[in-house]
Amino acid sequence: MRLRTLGVAFFIVFLSLTACKLKSKSKEEARIVAVAVAKVEHQTGSLPIRVTGQTACERTMRLSFKTGGYLLFLAEEGAVRRNDVLAQLDTTEIAAQVRQARQAYEKAQRDYHRASALYEGGGATREQLQNAETALNVAAAALQAAEFNLIHSTIRAPESGQVLRRLAEAGELIGPGIPVIYFGAGGVRLVQAALADRDVLRIRIGDSAEISFDALPGIRSKGRVTQISPMVDPQTGLWDIQITLADPIASLPVGLTAQIILFPADEGEAAVVPLEAVVEADGDHGAVFTVEGAAARRIPVTLGPVFGDRIVVTDGLGNVERVVTLGAGLLRDGDQVRVIQSTDQ
């Protein structure tokens, strides 16, 4: 009886081990992933840079008062002509200062003329005459300064252009040098954008560009890079660039979003792969899979610009000839694979 029991136990253990082995073998077979691969293209020449920017006036300036005071008038946003009044301070205090300075100047004139007559008659010393002359010069300078402040209590358009933005409202107390108007002139001939370090190193002054606008479908313009910032913007970590339109577009508003394609003059070779081959993309870092024998190998790569359904790989591929496309998102490094499709597109 005991022997029969032991025999049954051994038989059960044998069946369990066999089932585990079959199950393990089934899992291994299940991890064979069917994939498609595509050839890595190596393009020689200038790879375009795509960036978004905004239209801007050829010249912009922030206009402010030299002295402070209450703001009486501020022009509305829109087109203006040269010498149009854009902003006006309450001149009550400044006008009083002008009157005070003028009266002081007139008194200094009388004192000087009196001292001069006395000096000619021997009734005043040369020092007294010189002191009167100095007082007259000081009073004249004070009057000139007061009149200058009065003139500059009114802001006029320095040239024909546009009030792009009001930076204050009538009735506010404005301090000296505080901008109240953002003014633009010279027409909307510029597009401003910002580039990352890897892109700004590729462009030069004079490189060509093609500009289009989401809000104006079908309208395209040519341009050239006319300015590259010599230092990075500490707030954005990007380099500002400026593109001048070759043919200005009539009635183009300031601040319109522009899609820019830059064509650097430099030449080089870059690898291009289908976009679906990239996994774990994070900024300019990602990974692709290639097939070695019957196994998938994960390769970290550095990513460049995207062109339609393809992306530039700037570093990491080396001599890799093909990458996994279909099924790349299902793979782990070392997985067994079966290639079901290979394309050289």
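Residues numbered from 1 in each chain as written. Predicted model: local features only at pLDDT ≥ 70, side-chain atom pairs only at ≥ 80, totals over all residues. Heavy atoms only, no water.

Asks: Any chance you could explain the pattern of salt bridges here in plain terms?
Replies: Opposite charge on two side chains allows them to pair when their charged atoms are near. Inspection of the entire model under this criterion finds 13 salt bridges. The partner of Arg 189 in a salt bridge is Glu 58, with the nearest N and O atoms 3.8 Å apart. Of this pair, Arg 189 sits in the loop between β11 (179–185) and β12 (190–195) while Glu 58 sits in the loop between β3 (49–56) and β4 (59–64); the two residues are 131 residues apart in sequence, bridging distant segments of the chain. Residue classification places Arg 189 among the partly exposed residues on the basis of a relative accessible area of 28%. Ionic contacts of the salt-bridge type, sharing partners, join the residues Glu 76, Arg 166 and Glu 169 into one network. (Salt bridge = Lys/Arg side-chain N within 4 Å of Asp/Glu carboxyl O. Helix = DSSP H or I, 4+ residues; strand = E, 2+ residues; numbered from the N terminus. Buried < 20%, exposed > 50% of the residue type's maximum accessible area, 1.4 Å probe, protein only.)

Asks: Just to check I follow, could you spell out the sheet that holds β12 for this structure?
Replies: Whether parallel or antiparallel, the strands of a sheet pair through hydrogen bonds between backbone atoms. The strand order around the closed barrel built from six strands is β3-β12-β15-β14-β13-β16, with neighbouring strands paired in antiparallel fashion. The average undirected angle you get between the axes of adjacent strands in this sheet is 40°. (Pairing = 2+ DSSP bridges. Axes fitted to C-alpha atoms, helices over the stretch in contact; angles between N-to-C directions.)

Asks: So what exactly am I meant to see when it comes to helix α2 (residues 92–120) here?
Replies: Spacing of three or four residues puts side chains on the same side of an α-helix, whose turn is 3.6 residues. Here α2 is 29 residues long and its end C-alpha atoms lie 42 Å apart, about the 42 Å a rise of 1.5 Å per residue gives. Turning to α2, the residues buried within the fold contact α3 (126–151). The positive-phi residue at the C-terminal boundary of α2 is Gly 122, with phi of around 85°. (Expected span 1.5 Å × (residues − 1). Contact = heavy atoms within 4.5 Å.)

Asks: I would appreciate a short explanation of the packing of aromatic side chains in the present structure.
Replies: Geometry of an aromatic ring pair is reported as the spacing of the ring centres plus the angle between the planes. Here the structure, examined in full by the defined rule, presents zero aromatic pairs. Between the NZ or CZ atom of Arg 62 and the centre of the ring of Tyr 182, over which it lies, the distance is 5.0 Å. (Phe/Tyr/Trp six-rings, centres within 6.5 Å; stacked < 30°, edge-to-face > 60°. Lys NZ or Arg CZ within 6 Å of the ring centre and 35° of its normal.)

Asks: In this structure, what is going on with the sheet that holds strand β5 (residues 69–74)? I would like to understand it.
Replies: Read across the sheet, four strands follow the order β8-β7-β5-β10 without closing on themselves; strand pairing throughout is antiparallel. Bordering the open sheet on either side are β8 (154–156) and β10 (173–174), each of which pairs with just one other strand. Where β5 meets strand β7 (residues 85–89), three bridges bridge the pair, whose relative direction is antiparallel. Paired with Leu 74 across the bridge in β7 is Ala 87.

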